[in-house]
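Structural features, examined
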Amino acid sequence: MTLPMTVPAPGLPARVRIHEVGARDGLQNEKSTVPTEVKAEFIRRLAAAGLTTIEATSFVHPKWVPQLADAEQLFPLVSDLQGVELPVLVPNERGLDRALALGARRIAVFASATESFAKANLNRTLDESLAVFEPVVRRAKDEGAHVRGYVSMCFGDPWEGAVPLPQVVRVCKALVAMGCDELSLGDTIGVATPGHVRALLSQLNEEGVPTDVIGVHFHDTYGQALANTYAALQHGVTTVDASAGGLGGCPYAKSATGNLATEDLVWMLRGLGIDTGVDLGLLVATSDWMAGHLGRPSPSRTVRALSHKEQ
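Throughout this description, residue numbers start from 1 for each chain and increase along the sequence as written. Reporting of local features is limited, given that this is a predicted model, to residues whose pLDDT is at least 70; pairs of side-chain atoms are given and counted only at 80 or more, and all residues count toward the totals for whole chains, interfaces and linings. For side-chain calculations, the full set of non-hydrogen atoms in the structure is used, while hydrogens and water are omitted.

1. So, the overall build of the protein
A run of H or I in DSSP becomes a helix once it reaches four residues, and a run of E becomes a strand once it reaches two; helices and strands are each numbered from the N terminus. Tallying secondary structure elements over the protein gives 12 helices and nine strands in all. For the C-alpha atoms alone, the extent of the protein along its principal axes is close to 55 × 45 × 35 Å. Here the protein holds 311 residues, and the buried ones make up 56% of them. Here, residues are in contact when the closest pair of their heavy atoms is within 4.5 Å. Taking the intrachain contacts of the protein between residues at least 6 apart in sequence as the baseline, contacts between residues at least 24 apart amount to 77%. Surface accessibility in these figures is a Shrake-Rupley result with a 1.4 Å probe; residues are shielded only by whichever protein chains are displayed. Carbon and sulfur atoms form 52% of the exposed surface of the protein, whose accessible area is close to 12,500 Å². Once the 27 positive and 34 negative side-chain charges of the protein are each reduced to a mean point, those two points are 2 Å apart. Exposure categories follow from relative accessible area, calculated using a 1.4 Å probe and restricted to protein chains: below 20% of the type maximum is buried, above 50% is exposed, and the middle band is partly exposed. Charge convention: Lys and Arg are scored as positive, Asp and Glu as negative, and His as well as the terminal groups of each chain are ignored. Taken as the charge centre is NZ of Lys, CZ of Arg, CG of Asp or CD of Glu, depending on the residue.

Given below as structure tokens:
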């Protein structure tokens, strides 16, 4: 493929690590359950396309996220992938036990920047949820695991509206203090704009949270995900969450639409001369394949454009 033409921009990182969330965040909101074998094949195809961090599943109670009730069956089907990290979400110590028993060594906990979403998603207050995560993070670290802390509603909340920056910073600092190796700043309902992104990143730095532990997780509700990603890259962020084919939403926030599509991200980064290690053709083919299983076209514009050219 000769397009897009590579035209680097000054001040951007040479390489970006894509944290692929399609198999977990992408599929958790589906109305129908995707068969375990299809999920495993999806992860294997994503790995074959060059993605090296692929969030595999979530060890939450099946009652809360029935689409991911097969975590114990799925993880062993993909754990032999070489050179691929397979993070999994855990809500509490029981979830951690289940994950560690299967050999998972990259763990994620999911916090909220707002009280309303903590209640909706975790059925606890914000501080109660942080207290639950503390022993989870400590034990995971004791087991030699890498721990990521998700922070939802960093840029806006459907119940509370605008979220004050100091409130987000407080949660982020608490997660770092308890031992999280990495943070993922979530724009769960897709309301962030580039200036807001820069302001939050700057305030985190001022409060002692370094850029190299920060990843960004944008939803494209208002078409701002790529613009927000670019703002984060300008600030020095090198970890970007994305979902193959633009799959995903949030079962606890009805206004949340799909994640930033991995293909759209790779197209932009390729044009900027930023290395990702991803084969865009294989990735598009993978998203087309999954769209066939889901019975609807991919919302990714890049997938649609390149698939149309191949027909």
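So much for the structure itself; the text now carries on.
2. Remarks on the side chain of Ser243
Counting through the fold element by element, Ser243 comes out in the loop between strand S9 (239-242) and helix H10 (262-271). Other than its neighbours up to four places away in sequence, Ser243 contacts Glu20, Val21, Gly22, Gly26, Asn259, Leu260, Ala261, Thr262 and Glu263.

3. Looking at the packing of aromatic side chains
Stacked, edge-to-face and tilted are the three classes for Phe, Tyr and Trp ring pairs, Trp counted by its six-membered ring, which pair at centre distances within 6.5 Å; planes under 30 degrees apart are stacked, over 60 edge-to-face, the rest tilted. Under the defined criterion, the tally for this structure stands at two aromatic pairs. For the ring pair Phe155 and Phe218, a centre distance of 6.0 Å and an interplane angle of 45° mean the geometry is tilted. Taken together, the positions of Phe155 in the loop between strand S6 (146-152) and helix H7 (165-177) and Phe218 in strand S8 (residues 214-218) put the pair 63 residues apart, joining distant regions of the chain. Given a relative accessible area of 5%, Phe155 falls into the buried group. A ring is considered to have a charge above it if a Lys NZ or an Arg CZ atom is located within 6 Å of its centre and within 35 degrees of its normal. Geometry around Tyr150 places Arg148 over its ring, the cationic atom sitting 5.0 Å from the centre.

4. Re the pairing of strand S5 (residues 106-112)
Buried residues dominate S5, accounting for seven of its seven residues. With two bridges joining them, strand S4 (residues 88-89) and S5 adopt parallel strand pairing. In the strand pairing of S5, Leu89 is matched with Ala108. One ladder, built from seven bridges, connects S5 with S6; its direction is parallel. DSSP-based pairing: two strands are paired if at least 2 bridges between them are found.

5. Notes on the environment of Arg15
Secondary-structure assignment places Arg15 in the segment before strand S1 (17-20). Judged by relative accessible area, which is 43%, Arg15 ranks as partly exposed. On a C-alpha basis, the gap between Arg15 and Val171 in space is 28 Å, while along the polypeptide they are 156 residues apart. Residues within four places of Arg15 in sequence aside, it is in contact with Thr238, Ile274, Asp275, Thr276 and Gly277.

6. What to know about the pairing of S6
Within S6, six of the seven residues are buried, leaving the element largely enclosed by the surrounding structure. Direction of pairing for S6 relative to strand S7 (residues 182-187): parallel, over a ladder of four bridges. What sits directly across from Tyr150, in S7, is Ser184. A right-handed crossover is one whose linking path, passing over the helix from the first strand to the second, runs clockwise when the strands point away from the viewer. In this region the chain leaves S6, passes through H7 and returns to the parallel neighbour S7; the handedness of that crossover is right-handed.

7. Regarding the pattern of salt bridges
Salt bridge, as applied in this entry: a Lys or Arg side-chain nitrogen positioned within 4 Å of an Asp or Glu carboxyl oxygen. This structure, assessed with the given rule, holds 17 salt bridges. Lys39 is paired through a salt bridge with Asp70; the nearest N and O atoms lie 2.9 Å apart. One end of the pair, Lys39, is in helix H2 (residues 36-48); the other, Asp70, is in the loop between strand S3 (57-58) and helix H3 (71-78), and 31 residues separate them in sequence. For Asp70, a relative accessible area of 10% puts it in the buried group. Asp97 is the salt-bridge partner of Arg139, the closest N and O atoms lying 2.7 Å from each other. Taken together, the residues span a long stretch of sequence, with Arg139 in helix H6 (residues 126-142) and Asp97 in helix H4 (residues 93-101) at a distance of 42 residues. Residues joined by salt bridges that share partners form a network here, namely Arg17, Arg106, Arg148, Glu182 and Asp241.

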